[in-house]
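Analysis of the macromolecular model
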Amino acid sequence: MTHPTSTASTSTYAPGLGRSPGAAPESPVPKIRPSALHRLRAWFSAFVFTVPALVLFGLLVLVPMGYAFYISFFNWGGFDTPTDSVGFDNYTRLFDDPVFLGDLWRGFLLIAFSIVLQLPFALAMAVLLNQRLRGRAVYRMLFFAPYILSEVITGVLFSMIFAPDEGLADRVLDAVGLAGLGGDWFAGQDTVLPTLFLVMTWKYFGFHMMLYLAGLQGIPAELHEAARIDGASTWQRFRHITLPLLAPTLRISVFLAVIGAIQLFDLVWVITAGGPDHASETMVISLFQYGFKRYQMGYASAISVAMFLISLVFALAYQRFVLRRDTEGAITTMRGNR
């Protein structure tokens, strides 16, 4: 004799199999929405933690920028109150100033040297030190150590190394029979910029090398192993695996190199102070010379505004056309996190 309750009339539910035909419909789970008081507390917390940073940013960044833009319309020596308004004369003067135009050209050369020579050298060293080498941690430390040194120490050190005739560089060349390769180094108009770039490479390539090392260590080793099994050469693995996966790091490195070249000051100031005859001068050194040496604060402020606009236009264009792929989906909102 069977049980009075038939299995056909029993309402059962198995996960993944759906609801049985005789089961009652489930009531929808109500979506819990934050109350108005909860949202108010969230906005208040964000306000409390954000306002101090915004106040400091406004006082230390926005206010000085606004004041520099204001006094750029005056012929002002830096004392008393600016009253001698000259309109846009300081800005039109920029296009007629051979020193400032030369600064733009030299800045472009330093940017080109950095992208074409310094960054590939840093990438090559990063790839080399990413291999299994004995003592590679020591090599990494040695190559990164120059970046830790201050620009003042680096400038004084290389001023002594490249001192004409009596510096270490000339003495070494003379000892190996290559005295003819020595020269004026920082004292010659034709040699000061290449020598300065050599110092910049020694000083900053370790920073980019460490960036590339961090990116290389994030690439799965299984990809290289699979490509090696398929018969790919070292160059093919580098070209089709390493470079594409390292591209975001390379793009950030190029951005930092360009902005650093535009704002270069302390290293050049300690070594050459922009000389000889403006041959190594940068925009920041011109700003300093006009503002604090010649007391032409209005014109110096115009140079600072021009530098800001150049950096801003480059940063926006670079983010729009180069970093767009890296920044997509990186911006979140409070509403999306609720």
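Residues numbered from 1 in each chain as written. Predicted model: local features only at pLDDT ≥ 70, side-chain atom pairs only at ≥ 80, totals over all residues. Heavy atoms only, no water.

This brings us to the overall build of the protein chain. Counting its regular elements, the protein chain contains 13 helices and two strands. Counting over 338 residues, the protein chain shows a buried share of 33%. Roughly 22000 Å² of accessible area belongs to the protein chain as shown, and the carbon and sulfur atoms make up 66% of that amount. (Helix = DSSP H or I, 4+ residues; strand = E, 2+ residues; numbered from the N terminus. Buried < 20%, exposed > 50% of the residue type's maximum accessible area, 1.4 Å probe, protein only. Areas by Shrake-Rupley, 256 points an atom, 1.4 Å probe, with all protein chains shown as cover.)

In this structure the tally under the stated criterion is 28 aromatic pairs. With centroids separated by 6.3 Å and ring planes inclined at 35 degrees, the aromatic side chains of Tyr67 and Tyr70 adopt a geometry described as tilted. Residue Tyr67 and its partner Tyr70 are both found in helix α1 (residues 36-71); the two are separated by three residues, about one turn of the helix. When its relative accessible area of 40% is taken as the criterion, Tyr67 is described as partly exposed. Plain terms: the ring middles of Phe255 and Tyr318 are 5.6 Å apart, the flat faces sit at 35 degrees to each other, and that makes the pair tilted. (Phe/Tyr/Trp six-rings, centres within 6.5 Å; stacked < 30°, edge-to-face > 60°.)

Take the UniProt feature "transmembrane region" (unreviewed entry) in the protein chain next. UniProt records the feature "transmembrane region" (unreviewed entry) at residues 42-70, 104-129, 141-163, 243-265 and 297-318, using the numbering of this structure. Helix makes up 83% of residues 141-163 and strand 0%, with an end-to-end C-alpha separation of 28 Å. Structurally, residues 297-318 is divided into 100% helix and 0% strand, and its ends, taken at the C-alpha atoms, are 31 Å apart. (UniProt positions renumbered as here; feature names shortened; annotations may be inferred.)

Moving on: the pattern of salt bridges. Inspection of the entire model under this criterion finds three salt bridges. The partner of Asp103 in a salt bridge is Arg106, and the shortest N-O contact between them spans 2.7 Å. Remark: Arg106 and Asp103 occur in helix α3 (residues 98-129); sequence separation between them is three residues, near one turn of the helix. Among the residues examined, Asp103 registers a relative accessible area of 1% and is labelled buried. (Salt bridge = Lys/Arg side-chain N within 4 Å of Asp/Glu carboxyl O.)

Moving on: a nonpolar patch on the surface. Taken together, Phe57, Leu62, Met65, Phe308, Leu309, Leu312 and Leu316 make up a surface patch of nonpolar side chains, about 630 Å² in accessible area. A per-element tally of the nonpolar patch places helix α12 (residues 297-321) first, with four residues. Inspection of the secondary structure assignment puts Phe57 in helix α1. (Patch = residues over 30% accessible without salt bridge, like charges linked within 9 Å, V, L, I, M, F, W, Y side chains within 5 Å.)

Attention now moves to helix α5 (residues 151-161). Of the positions making up α5, those classed as buried are Glu151, Thr154, Gly155 and Phe158. The buried residues of α5 occupy an angular sector of 100 degrees when the element is viewed end-on, so they sit on one face. Packed against the buried residues of α5 are α7 (192-217) and α10 (266-271). (Arc of directions from axis to C-beta. Contact = heavy atoms within 4.5 Å.)

Glancing now at the side chain of Thr242. Position of Thr242 among the secondary structure elements: in helix α9 (residues 234-262). Looking at Thr242, the relative accessible area reads 6%, which means it is buried. Those residues in contact with Thr242, other than ones at most four positions away along the chain, are Leu216, Ile219, His224 and Arg237.

Once that is clear, we can look at the confidence of the model for the protein chain. Averaged over the protein chain, the pLDDT score is 85; the fraction of residues at 70 or greater is 87%. Here residues 1-18 scores under 50 on pLDDT; set against residues more than four positions off or in separate chains, the count is seven contacts. The low-confidence segment residues 332-338 (pLDDT under 50) makes four contacts with residues lying over four places distant or belonging to another chain. (pLDDT = per-residue confidence, 0-100.)

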